[in-house]
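Overview (structure and organization)
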Amino acid sequence: MRRTIPERARRPDVKLVILGDMNVGKTSLLHRYMDKKFNNTISTVGGAFYLKQWGPYNISIWDTAGREQFHGLGSMYCRGATAVILTYDVTNRQSLAELEERFLSLTDTANHDCIYAVVGNKADLTDPLADRENYEGVCPVHKPNYACQLIPSGSPTLFSPGAEREVQKEDAVALYQRILRYKAVDEHLSPPAERMCFETSAKTGANVDTLFETLFDMVLPSILRKRSESKASSTIDLEDYGPVTSKQIKGGCC
Ligand SMILES: Nc1nc2c(ncn2[C@@H]2O[C@H](COP(=O)(O)OP(=O)(O)OP(=O)(O)O)[C@@H](O)[C@H]2O)c(=O)[nH]1
Ligand SMILES: [Mg+2]
């Protein structure tokens, strides 16, 4: 006799977690991806959960709070995670350091084959061509209303970024390589650092879809493996087990 336990509708197949210091833009990245908007945010309390349908699969995405007072919850959110996005702010060097000092150990509860992405957000602040919304004039070196921030100094061909970049892409790549060492993962068997380090802007949307969708594609093998394992384990052959004895019900050591 075979009994198959029915699957619950919209049950997440895998879990993706976004970690990083407060104010780096974790919630904004998720809003940008899920709602295609850059909304005003308030600092996250605890965590928040989103469900994304990706083809026939359901991916749960957990937004976490970067504030120190919620730090203890981080490893709980990471439990069983298939992908973790470690987020920093490209204009804040300390936010990159915090990933290693404070957040990396929280991922000890993630799956052993968890995928890691290192994401530098707020790239628009360092890119003079990115801040389209804030520029209201006409740039003499570009088309009207092109995204430029001119220095109002009588030098009309100069334009400047909104903030100074404090983290270079190579710093993120170096962190990714240290993460692989911390996880004792063979670098040659892992996705290359160049593929797993992103710079994004939740404000303009730059690279945001690419980030999430690259990860979704990368977790597909885990989903397929998990589905086939759960199919095998949800099919119980009662005849294989025979009648249940009182000893089996009670368990115990003697
Ligand atoms: N310029 C710019 N500002 C951003 C970007 N992403 C987020 N912000 C701003 O940064 C601030 C913090 O954004 P949140 O998304 O709330 O940051 P968080 O990482 O979720 O912060 P916690 O929930 O406290 O951990 C807000 O004022 C956002 O508007 C971005 O890509 N560019
Ligand atoms: Mg938040």
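Here the structure is a predicted model, which is why all the values come from computation and not from measurement. (Residues numbered from 1 in each chain as written. Chains lettered and ligands numbered in written order. Predicted model: local features only at pLDDT ≥ 70, side-chain atom pairs only at ≥ 80, totals over all residues.)

Relative to the assigned elements, Gly46 resides in the loop between α1 (26–35) and β3 (47–54). Considered as a pair, Gly46 and Gly66 are 20 residues apart in the sequence and their alpha carbons are 9.0 Å apart. Excluding residues that lie within four positions of it along the chain, Gly46 makes contacts with Ala65, Phe70 and Leu73. (Helix = DSSP H or I, 4+ residues; strand = E, 2+ residues; numbered from the N terminus. Contact = placed C-beta atoms within 7 Å.)

Strand order in this open sheet of six strands is β3-β4-β2-β5-β6-β7, and the pairing throughout is mixed. Each edge of the open sheet is held by one strand with a lone partner, namely β3 and β7 (197–199). For this sheet the average axis-to-axis angle between neighbouring strands, irrespective of direction, equals 20 degrees. Of the pairings in the sheet, the one linking strand β6 (residues 115–121) to β7 comprises three bridges and is parallel in character. In the strand pairing of β7, Val119 is matched with Phe198. Running over the sheet, α1 touches β2 (14–20), β3, β4 (57–64), β5 (83–89) and β6 and is turned about 150 degrees from β4. Each of β2 and β5 touches helix α3 (residues 93–103); the most contacted strand, β5, lies at about 140 degrees to it. (Pairing = 2+ DSSP bridges. Axes fitted to C-alpha atoms, helices over the stretch in contact; angles between N-to-C directions.)

Around ligand 1 sit 21 residues, and of these Gly25, Ser28, Thr41, Thr44 and Gly66 come closest. Tallying contributions element by element places α1 first for the shell around ligand 1, with three residues. Within the shell around ligand 1, the residues separate by chemical class into five nonpolar, 11 polar and five charged. (Near = placed C-beta within 6 Å. Nonpolar A, V, L, I, M, F, W, Y, C, P; charged D, E, K, R; others polar.)

Attention now goes to the confidence of the model for the chain. Residues at a pLDDT of 70 or more form 74% of the chain, whose mean pLDDT is 81. Across residues 132–160, where pLDDT falls below 50, the model places 36 contacts with residues more than four positions away in sequence or in other chains. Counting interchain partners and residues more than four positions distant, the pLDDT-below-50 stretch residues 240–254 has one contact. (pLDDT = per-residue confidence, 0-100.)

Attention now moves to the packing of α3 against helix α4 (residues 169–182). Relative orientation of the contacting elements α3 and α4 amounts to 0 degrees, with a least axis distance of 11 Å. Here α3 is positioned roughly parallel relative to α4, judged by the angle of their axes. Here Leu96, Leu99 and Glu100 of α3 lie close against α4, whose contacting residues are Asp171, Ala172, Leu175 and Arg178. Of the residues in the contact of α3 with α4, the class split is four nonpolar, no polar and three charged. (Parallel < 35°, antiparallel > 145°, perpendicular 65-115°, else oblique.)

What follows is about the nonpolar core. Core analysis: the biggest nonpolar cluster contains 48 residues, and Leu16, Val17, Val84, Leu86, Tyr116, Ala117 and Val118 have the highest contact counts within it. Sort the elements by how many residues they give to this core and helix α6 (residues 208–234) lands first, with six residues. If sequence neighbours within four positions are ignored, Ala117 has contacts with Ile85, Leu86, Met196, Phe198, Leu211 and Leu215. (Core = buried A, V, L, I, M, F, W, Y, C linked by C-beta atoms within 7 Å. Buried ≥ 20, exposed ≤ 12 C-beta atoms within 10 Å, placed from the backbone.)

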